[in-house]
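Chain and residue survey
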Amino acid sequence: MAAALKIGFASPNLEKSGLEKAGALIVFLGDDLELTASARKILGTAAAATIKRAVEVEKFKGKERASLVIPAPQGLEIGRLVIVGIGSSKEQEQTDYVRLGGVIAGLLGSTTVASVLLMGPAKWRVDADAASDIALGMRLRHYRFDKYKSKKRDDGNAAKSESPVSVTIHVEDPAAAKRAIRARDAVAEGVVLARDLVNEPPNVLDPVEFAKRAKELSQLGVEITILDEKQLSKIGMRALLGVGQGSEKESRVVIMRWNGAKAKKGAKAQPIAFIGKGVSFDTGGISIKPAQGMEDMKGDMAGAACVVGLMHALAARKAKVNAIGAIGLVENMPDGNAQRPGDIVTSLSGQTIEIINTDAEGRLVLGDVLWYVKETYKPGFMIDLATLTGAILIALGQEHAGLFSNDDTLAERLSAAGKATGETVWRMPLGVSYDKQIDSKFADMKNTGGRNGGSITAAQFLKRFVGDVPWVHLDIAGTAMSSPETEINKSWASGWGVRLLDRLVADYYEDRD
Ligand code: BES
Ligand code: MN
Ligand code: ZN
């Protein structure tokens, strides 16, 4: 585990000695390079002069996210002054405080006690939301997955120091920041949970263990139902079971229910539903994948991990919404009992599927879970997340997840939530001619549509299992894992989607007081 990170809030004391002892003090400067009058007062003339000189000598221009670390002058009980740029007044109006928090956490180095002086020019938000967004960014950046490193020190590749880090953010209204941080902490925990699940090795996190981890959400008041193979077979999820039949590990479906909406007279509020692909390891099955990079397929359960992380976030912040999380958990392995190309399976929907390629397994899992959720819970919408196709990496790289939808409103809301969180989506087309590509000679459909438009034909396949329910499919093969490092993520797993979907729910689907 990464060392603990403690974040507190305090009001900036305008008396001179108002800053506590700290290894580092973070101060912000716009491109005018002016300290505000109150920041100057708190820092005192010596520190203000030191900053001015350092800025000149180092030619620091106050560019957004640029930084300068200098020793603090004598007389202050502070080790280093960390100056962080916040750019032009235009840029200051749209500062991404989460990202800024990540930048700050990255500048702490070996510092274990730090203070952030959240003061800046007029256009810069220095309110409780900004303070708690900074805290969220610091938490996300601080994350490390090092539980399998036996050496914790003395090795460049081993985990860094285990000393806890303590950060105080000085903001005008610390009480408001303390209230605002609760929801952010819930979301941060959700992202960390999703990252942990994706980073876990596949010998540890098989479908049964995954279901067990999801069950822990019951501590937050989430109702959990775990369906085992016997029950799944009785229900008729044969498409899903076919994927898992070549594995020693049993398959599972987990349903998570969070009922946070205010009880209304008469019928309960219609739930919204999130569905995740949870292939704990994808060898490809009999259509086996090449060895190169196959280890990455431990992350083929990132959709399910996101759904669990999201349900955690919603429950931990007591979101006023009724939400269903449903995940299909299987391992795709080749053995004597494994599914073959040429097999025809009957899905829960009654539609038959000819298996062309056993490596196109995610859609088989999701088809059954989508149908089950639609029939059982009559949700207001369904959003599925899946590391579904390599083709989405070819189309969109790792910058956007692919979004496919039968509903413009839902698609637009997700786009907006994507822009707000930085977890961006790009809408891809659907259409009858793509749908034709998956018609089969022998069954109602086949599970691959050929090389052309591979992500789209995969989405067309899912569309055959959602009926008239407003639906979005997010192909997260490019964004969930092995993505480029960012200011708020240094880990292989990104936890992509938790912040996006939490934001969607918060902005559009919660009861208002
Ligand atoms: N899990 C893979 C998709 C994937 C690829 C995820 C790379 C993350 C990174 C999926 O099950 C798969 O194998 N898809 C095939 C589909 C094909 C056989 C139609 C693919 O993309 O090649
Ligand atoms: Mn596959
Ligand atoms: Zn897969």
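Heads up: the structure comes first, above all this text.
These figures come from a predicted structure and were not determined experimentally. (Residues numbered from 1 in each chain as written. Chains lettered and ligands numbered in written order. Predicted model: local features only at pLDDT ≥ 70, side-chain atom pairs only at ≥ 80, totals over all residues. Heavy atoms only, no water.)

Observations concerning the sheet that holds strand β16 (residues 445-446)
To summarise the sheet geometry, strands pair through backbone hydrogen bonds and adopt either a parallel or an antiparallel arrangement. Taken in spatial order, the three strands make up an open sheet running β11-β12-β16, and their pairing is mixed. Two strands bound the open sheet, and with one partner strand each, they are β11 (344-346) and β16. With two bridges connecting them, strand β12 (residues 352-354) and β16 associate as parallel partners. Paired with E354 across the strands is K446, a residue of β16. (Pairing = 2+ DSSP bridges. Helix = DSSP H or I, 4+ residues; strand = E, 2+ residues; numbered from the N terminus.)

Observations regarding the packing of aromatic side chains
Under the definition given, this model contains seven aromatic pairs. With a centroid separation of 5.9 Å and an interplanar angle of 50°, the aromatic rings of F145 and Y148 are classed as tilted. Classification of Y148 by relative accessible area gives partly exposed; the value is 47%. The rings of F274, F381, Y508 and Y509 are connected pair by pair, giving a single aromatic cluster. A cation over a ring is seen here: K298 above W492, with NZ or CZ 5.1 Å from the ring centre. Above the face of the W371 ring, K374 is positioned so that its terminal group lies 3.6 Å from the ring centre. (Phe/Tyr/Trp six-rings, centres within 6.5 Å; stacked < 30°, edge-to-face > 60°. Buried < 20%, exposed > 50% of the residue type's maximum accessible area, 1.4 Å probe, protein only. Lys NZ or Arg CZ within 6 Å of the ring centre and 35° of its normal.)

As for the coordination of the zinc ion (ligand 3)
Within the first shell, the zinc ion (ligand 3) binds the protein through K277 (NZ), D282 (OD), D300 (OD) and E361 (OE), at distances of 2.0 to 2.4 Å. Each of the six donor atoms bound to the zinc ion (ligand 3) contributes to angles spanning 78 to 175°, and the resulting shape is octahedral. Of note, the donors binding the zinc ion (ligand 3) are all from one chain and are spaced K-x4-D-x17-D-x60-E. For the pair the zinc ion (ligand 3) and the manganese ion (ligand 2), the metal-to-metal distance amounts to 3.1 Å, and D282 bridges them. With K277 in strand β9 (residues 272-282) and D300 in the loop between β9 and α9 (302-316), this residue pair connects regions lying 23 residues apart in the sequence. Like K277, the residue D300 is buried in the burial classification. (Donors = N, O, S within 2.8 Å, 3.2 Å for Na, K, Ca; no water. Tetrahedral: all angles 85-135°; square planar, octahedral: opposite > 155°, others 65-115°.)

Side note on the side chain of D300
Judged by relative accessible area, D300 falls into the buried class, the value being 2%. What D300 contacts, discounting residues up to four positions off in sequence, is K277, G278, V279, D282, E361 and T387. (Contact = heavy atoms within 4.5 Å.)

Describing the coordination of the manganese ion (ligand 2)
Bound to the manganese ion (ligand 2) on the protein side are D282 (OD), D359 (O), D359 (OD) and E361 (OE), at distances that span 2.0 to 2.2 Å. Metal-centred angles of 70 to 167° between the six donor atoms at the manganese ion (ligand 2) mark the site as irregular.

With respect to unusual backbone geometry
One non-glycine residue, R65, lies in the positive phi region at around 70°. Checked against the element boundaries, R65 lands in the loop between α1 (37-57) and β3 (67-71). On the basis of relative accessible area, R65 is assigned to the partly exposed category, the value being 23%.

Focus on the pattern of salt bridges
Under the counting rule described, the total for this entry stands at 31 salt bridges. Here R40 and E34 are joined by a salt bridge, their closest N and O atoms 3.8 Å apart. With a relative accessible area of 39%, R40 lands in the partly exposed category. One salt bridge connects E223 with R257, and the closest N-O pair in it is separated by 3.6 Å. On the criterion of sequence distance, the pair formed by E223 in strand β7 (residues 223-227) and R257 in strand β8 (residues 252-259) is long-range, its members being 34 residues apart. Each of K147, E200, E209, K212 and R213 takes part in a single network of salt bridges with overlapping partners. (Salt bridge = Lys/Arg side-chain N within 4 Å of Asp/Glu carboxyl O.)

Topic: helix α12 (residues 408-421)
End to end, α12 covers 20 Å across 14 residues, agreeing with the expected 20 Å (1.5 Å per residue, within 8%). Listed in full, the buried residues belonging to α12 are L410, A411, L414, A417, G418 and T421. The arc enclosing the buried residues of α12, seen along the axis, measures out at 125°, which places them on a common side. Across from the buried face of α12, at angles greater than 90 degrees, the exposed residues are E412 and K419. Buried residues along α12 sit in contact with β13 (382-386), β14 (401-405), β15 (425-427), β17 (471-475) and α15 (498-508). Put simply, D407 is the residue that caps the front of α12, since its side-chain oxygen is 3.3 Å from the backbone nitrogen of T409. Where α12 ends, the next residue or the one after it, G422, has phi of about 85°, a positive value. (Expected span 1.5 Å × (residues − 1). Arc of directions from axis to C-beta. Polar contact = N/O pair within 3.5 Å; in protein donor to acceptor, adjacent residues only side chain to side chain.)

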